[in-house]
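Okay, here's what each chain looks like letter by letter:
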Amino acid sequence: MVTIGILESGTGLSAFLADSLPESLRQRVDLCPAGCLPKGEKADLLVVSPDLRREEDSLPLTCRALLVPGRLSPLAGEMTASWAVSYGMSPKDSLTLSSLGEEKMGLVLQREVVTLSGDCLDCQEFFLPRGDHVSPLYVLACAGVQLLLGVPPEEVELGTRN
């Protein structure tokens with residue numbers, strides 16, 4: 001079981017990930033609010049929500065890998081992580097959108113990303129159906145979680161909970 005801590009102010013990203021991660025991954029992960037991680041436990045992956053409002057008592061946290069919105073990347077310096085991957089709309093982010101159409105959205109890895117198992121994903125572009133997902137940043141976070149869990153880019157998908 002992979003422990004994924006979620007650092008957020010509300011529950012929007014947690015709910016989106018619980019609904020959007022493919023069923024095959026939901027069975028392998030434990031989504032946990034970062035504040036509920038047992039003291040001293042190191043999360044395998046810590047995901048920072050794009051809507052996070054800074055809460056000093058939530059920091060510092062420890063994780064193997066950190067998935068953080070580029071605009072909040074200064075938080076990475078306050079946490080203990082082996083590596084960090086940024087996501088967002090900036091050309092500086094590791095995972096970003098290349099296009100946003102009515103039917104599909106293009107996601108691009110702009111630099112190499114190391115997965116939790118130690119594999120290296122090369123720079124590339126892949127596409128997801130747009131569906132009715134309203135937050136491109138949540139979609140990027142969901143894709144980033146899948147990539148870091150070792151899902152090949154061409155197999156990244158947005159599942160729906162029944």
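One numbering rule holds for all chains: residues counted from 1, following each sequence as written. For this predicted model, a pLDDT threshold of at least 70 governs which residues receive local features, and a threshold of 80 or more governs which side-chain atom pairs are given and counted, while totals over whole chains, interfaces and linings are taken from all residues. Side-chain numbers come from the whole structure's heavy atoms, not from hydrogens or water.

1. Overview of the overall build of the protein chain
Heads up, the condition is: Numbering goes from the N terminus for both helices and strands, where a helix is a DSSP run of H or I of at least four residues and a strand is a run of E of at least two. The globule rule used here is 2.2 Å times the number of residues to the 0.38 power, and the radius of gyration it is set against is calculated over C-alpha atoms. A 1.4 Å probe rolled over the protein chains alone gives each residue an accessible area, and that area as a share of the maximum for its type sets the label: buried under 20%, exposed over 50%, partly exposed in between. Note on contacts: a residue pair qualifies if any of its non-hydrogen atoms lie within 4.5 Å across the two residues. Only the protein chains shown count as covering a residue, and every accessible area follows the Shrake-Rupley method with a 1.4 Å probe. His is not counted, nor are the chain ends, whereas Lys and Arg count as positive and Asp and Glu as negative. A charged residue contributes its charge at one atom only: NZ of Lys, CZ of Arg, CG of Asp or CD of Glu.
The helix and strand tally for the protein chain stands at 3 helices and 10 strands. Relative to the 2.2 N^0.38 estimate, which gives 15 Å for 162 residues, the radius of gyration of the protein chain is 14 Å and therefore close to what a compact globule would have. When its C-alpha atoms are laid out on the principal axes, the protein chain stretches across 45 × 35 × 30 Å. Taken across its 162 residues, the protein chain has 51% of its residues classed as buried. Within the protein chain, contacts between residues at least 6 apart in sequence are counted, and of these 53% link residues at least 24 apart. On the protein chain, roughly 8100 Å² of surface is accessible, and the fraction owed to carbon and sulfur atoms is 50%. Considering the protein chain, the positive charge centre built from 13 side chains and the negative charge centre built from 22 side chains are found 4 Å apart.

2. Points about the layout of surface pockets
Quick reminder of the rule: In the cavity and pocket records, a cavity denotes points on a 1 Å grid over the protein atoms alone where a 1.4 Å probe fits but cannot get out, a pocket denotes an open set with protein on both sides within 12 Å along at least 5 of 7 lines, and lining residues are residues with an atom within 4 Å of a point. Grid points are joined across faces, edges and corners, and a volume is the space filled by probe spheres set on the points. Amino acids are sorted into nonpolar (Ala, Val, Leu, Ile, Met, Phe, Trp, Tyr, Cys and Pro), charged (Asp, Glu, Lys and Arg) and polar (every other residue, Gly among them).
Considered as a void within the structure, the largest pocket measures approximately 200 Å³ in volume. Lining the largest pocket are 11 residues, with P38, K39, G40, E41 and L61 positioned closest to its centre. Split by residue class, the lining of the largest pocket holds 5 nonpolar, 3 polar and 3 charged.

3. Quick word on the packing of helix α1 (residues 12-20) against helix α3 (residues 136-148)
Put simply, the rule reads: Axes here refer to lines fitted to C-alpha atoms; in helices the fit is confined to the stretch in contact. Angles between the N-to-C directions go from 0 to 180 degrees. Each angle receives one of four descriptions, namely roughly parallel if under 35 degrees, roughly antiparallel if over 145, roughly perpendicular if within 65 to 115, and oblique otherwise. In a left-handed crossing the near helix is turned counterclockwise from the far helix by less than a right angle, and in a right-handed crossing that turn is clockwise.
Packing of α1 against α3 brings their axes to within 10 Å, and their N-to-C directions diverge by 55°. For the element pair α1 / α3, the angle class is oblique. Once α1 is placed against α3, the crossing between them reads as right-handed. Counted together, G12, L13, F16, L17 and S20 of α1 and Y138, V139, A141, C142 and V145 of α3 form the full contact between these two elements. Per-class residue counts for the contact of α1 with α3 are 8 nonpolar, 2 polar and no charged.

4. A few points about the nonpolar core
As a reminder, the rule being used: To form a nonpolar core, buried Ala, Val, Leu, Ile, Met, Phe, Trp, Tyr and Cys residues must be joined to one another through side-chain atoms within 4.5 Å.
In terms of nonpolar packing, the biggest core is built from 38 residues, with I4, L45, L67, L95, L107, V145 and L149 touching the most fellow members. Ranked by residues supplied to this core, first place goes to α3 with 9 residues. Sequence-distant contacts of L107, that is, excluding residues within four places in its chain, are made with L95, T96, L97, S98, Q124, E125, F126, L128, L140 and A143. Among the nonpolar cores identified, the runner-up in size contains 15 residues, and L7, L46, L75 and M79 belong to it.

5. Things to note about empty space enclosed by the protein
In this structure the tally under the stated criterion is 2 cavities of 30 Å³ or more. Lining the second largest cavity are L67, V85, L95, L109, V113, G144, L147 and L148. Examining the composition of the lining of the second largest cavity, we find that 3 residues originate from one element, α3, more than from any other. The class makeup of the residues in the lining of the second largest cavity is 7 nonpolar, 1 polar and no charged.

6. Structural notes on the side chain of D44
Cut-off, in case you're wondering: Side-chain atoms alone can form a polar contact between residues adjacent in sequence; in general such a contact is a pair of N or O atoms within 3.5 Å, and within protein one must be able to donate a hydrogen while the other accepts it.
Residue placement: D44 occurs in strand β3 (residues 43-48). Judged by relative accessible area, which is 19%, D44 ranks as buried. At 2.7 Å, the side chain of D44 and the backbone nitrogen of T3 are in polar contact. When residues no more than four places from it in sequence are discounted, the contact partners of D44 are M1, V2, T3, R64, A65 and L116.

7. A short note on α1
Taken as a whole, α1 has its buried residues at L13, S14, F16, L17, A18 and S20. In this structure, the buried side of α1 is in contact with β1 (2-7), α2 (23-26), β2 (29-33), β3 and α3.

8. Quick look at the packing of aromatic side chains
Rules: In this scheme Phe, Tyr and Trp rings, the latter by its six-membered ring, pair at centre separations within 6.5 Å, and the angle between planes marks the pair as stacked below 30 degrees, edge-to-face above 60, and tilted otherwise. Note on geometry: a ring has a charge over it if NZ (lysine) or CZ (arginine) is within 6 Å of the ring centre and within 35 degrees of the ring normal.
According to the stated counting rule, one finds 1 aromatic pair in the structure shown. Each ring, one from F16 and one from Y138, has its centre 5.6 Å from the other, and the planes form 50°; the classification is tilted. In this pair, F16 is assigned in helix α1 and Y138 in helix α3, connecting sequence segments 122 residues apart. The residue whose ring lies beneath K104 is F127, and the NZ or CZ to ring-centre distance is 4.6 Å.

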